[in-house]
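Each chain, written out:
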Amino acid sequence: MVLKSKCLIVALGILSISGYSQSKKAVVPKTYIAAKTSTAIAIDGEENDASWNKVEWTALFEDISTDVKPKYATKVKMLWDETNFYILAKMEEPHVWANLKQRDTIIFYNNDFEVFIDPDSDTFNYYELEINALNTTWDLFLTKPYREDDKVVLNDWNIPGLKSAVKINGTLNNPNDTDEGWVLEMAIPWASYKTTFFDQNVPVDKFWRVNFSRVNWQHDIKNGSYERKKDAEGKFLPEYNWVWSPMGVINMHEPEKWGYVYFSSKEGKDSFEIPQDEKVKWELYTLYRAQKEYHSKNKTWAQSLTDLTKKPITVDGKVLKPVLENHTTGFNIAVKSPFSNKTLIIEEDGKIISK
């Protein structure tokens, strides 16, 4: 694609500046069971639909990379039917403000709510949606994470049939009062994620990789209007990133760490456990990141797995025996799953192949 401006290129890179540095804290993705709804949901920003009252909120959002408790609470509910994926986000905020009104501008320059979706859990061809309190949207399609290429974003991609609504519990852009917060309700059509005309992609009793992020800025008030706060040198102070499933780094674009949303065909309670092969994939990504870091330091790929880790690799008590293969364009790391007997392969660009 042709990006609209150099400014956009810089902005898109903001959330991936951390490179391959990783948190020492283990990242365990969150899970949520989205129940099926048989009754229509009015997308009006209200949370009083009968179907919403039947399902639980997620746990409160956490800081993206630290144990510091977010200043304001954020939580989400999810539902689905044969047509849409429904999301209800509730955000505590004493100063609800927004000034970006044009679609596909850089919405996270305002306080916003963001949705990330990878339908097939291979970290390629995933989707991002950002919405501010004015209900202005920025929807993106990414062919691969930013870490692999700086031209991976289809910024002009839009979600056909997207419905969203915002309810302000207070007054928007009024610094003279204290607000309770804002509620965002949306319906994302499954059809917007189809890869072919005949693709039957409604994930009945299946999981998709999903995460949510809330960007929150410190602000100043000038001439009666809100704006992002700057330091003594005139630079914007860094934003807060509060997420449903923590990433361990300040970077949402590591889809292998996103949460698991299971779309249950039951309207009542159901159960879901992360498949063991997904845990095998986590270990492959750990090796992949170690190999990338090794190359960054040594300007060549490691020739042996012992250059990447000295410890045995286990999943649920089973020892994995990965094999590293270097070639002229990069590397593959393959492992036979002790749970499914499938061979899982991660390539040098981070894509997972299952055979």
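Structure first, text after, so check above.
Conventions and cut-offs
- Residues numbered from 1 in each chain as written.
- Predicted model: local features only at pLDDT ≥ 70, side-chain atom pairs only at ≥ 80, totals over all residues.
- Heavy atoms only, no water.
- Phe/Tyr/Trp six-rings, centres within 6.5 Å; stacked < 30°, edge-to-face > 60°.
- Helix = DSSP H or I, 4+ residues; strand = E, 2+ residues; numbered from the N terminus.
- Buried < 20%, exposed > 50% of the residue type's maximum accessible area, 1.4 Å probe, protein only.
- Contact = heavy atoms within 4.5 Å.
- Salt bridge = Lys/Arg side-chain N within 4 Å of Asp/Glu carboxyl O.

(A) The packing of aromatic side chains, seen in detail. In the structure shown here, the tally under the stated rule is 27 aromatic pairs. Ring centres of Phe61 and Phe113 lie 6.2 Å apart, and the angle between their planes is 35°; this geometry places the pair in the tilted category. One end of the pair, Phe61, is in the loop between β1 (31-36) and β2 (62-63); the other, Phe113, is in strand β5 (residues 112-118), with 52 residues separating them in the sequence. Residue Phe61 shares its accessibility class with Phe113, and that shared class is buried. On the basis of an interplanar angle of 70° and a centroid distance of 5.7 Å, the ring pair of Tyr193 and Trp208 is categorised as edge-to-face. One end of the pair, Tyr193, is in the loop between β10 (181-189) and β11 (206-216); the other, Trp208, is in strand β11, and 15 residues separate them in sequence.

(B) Inspection of the environment of Phe272 at higher detail. Tracing the backbone shows Phe272 in the loop between β15 (259-263) and α2 (276-298). When the C-alpha atoms of Phe272 and Phe108 are compared, they prove to be 33 Å apart, with 164 residues separating the residues in sequence. Setting aside anything within four residues of it in sequence, one finds Phe272 in contact with Thr31, Ile33, Phe207, Tyr260 and Tyr262.

(C) Structural context of the pattern of salt bridges. The full count for this structure, using the stated rule, is 15 salt bridges. When the shortest N-O distance is used, the salt bridge between Glu256 and Arg147 registers 2.9 Å. Here Glu256, found in the loop between β14 (240-243) and β15, pairs with Arg147, found in the loop between β7 (137-142) and β8 (153-154); they are 109 residues apart in sequence, far enough to count as distant. For the residue pair Glu256 and Arg147, the accessibility class agrees, reading buried in each case. One salt bridge connects Lys222 with Glu227, and the closest N-O pair in it is separated by 3.7 Å. Judged by relative accessible area, which is 30%, Glu227 ranks as partly exposed.

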